[in-house]
Amino acid sequence: MLTDFGYILLFIISAIAFTALMLFVAKLIRPNRPNAEKLSTYESGEEPDGNANVRFNLRFYVIALIFVLFDVELIFLFPWATVFGNQHLIEMTNGVWGWFSLIEMFIFVGILLLGLAYAWVKGHLDWVRPDIQKPDYESKIPVSLYENINKKYTK
């Protein structure tokens, strides 16, 4: 007879086995026809230019963090909206509850707008595409061979 933890362990093992089985069956069934177009580098619809081994601009991370911050803070609007419309609280306070919660939310959204204005003024929301830096490395292979390869794979 299994204990409660035994059932959980059995469930975890069966989930891992089912996932592995489905991945194996998918590998057997799916078509595998690579070509030059599929194997080429794809960067959000733009043709890649320059070396791929470059340092990323920190603005990617700053903008992502700002988005997550404001997104998580805006989630707090949903519980406020459910409590704001509580008819029992409005009747108990003779309508003061409605005004209190409305003012409270304007203060909250105002603080969010101040944070957005701060990020905007500091320039964290400016999207500047960095200049491509070509490496200074002198290769023993002539540049014309690289150009021939690039011409072969461009349209």
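Residues numbered from 1 in each chain as written. Predicted model: local features only at pLDDT ≥ 70, side-chain atom pairs only at ≥ 80, totals over all residues. Heavy atoms only, no water.

This part is about the packing of helix H3 (residues 59-75) against helix H4 (residues 77-84). At a minimum axis distance of 4 Å, the contact between H3 and H4 shows a crossing angle of 15 degrees. One finds that H3 runs roughly parallel with respect to H4. Contact with H3, carried on its side by Glu73, Leu74 and Ile75, involves Leu77, Phe78 and Pro79 of H4 and no other residues of that element. Considering only residue class, the contact of H3 with H4 consists of five nonpolar, no polar and one charged. (Axes fitted to C-alpha atoms, helices over the stretch in contact; angles between N-to-C directions. Helix = DSSP H or I, 4+ residues; strand = E, 2+ residues; numbered from the N terminus. Parallel < 35°, antiparallel > 145°, perpendicular 65-115°, else oblique. Contact = heavy atoms within 4.5 Å. Nonpolar A, V, L, I, M, F, W, Y, C, P; charged D, E, K, R; others polar.)

With that settled, consider helix H6 (residues 96-121). Here H6 contains 26 residues, and its C-alpha end-to-end distance of 37 Å stays within 8% of the 38 Å for a straight helix at 1.5 Å per residue. Gly98, Ser101, Met105, Leu112 and Ala119 are the residues of H6 that are buried. On its buried side, H6 packs onto H3, H4 and helix H5 (87-92). (Expected span 1.5 Å × (residues − 1). Buried < 20%, exposed > 50% of the residue type's maximum accessible area, 1.4 Å probe, protein only.)

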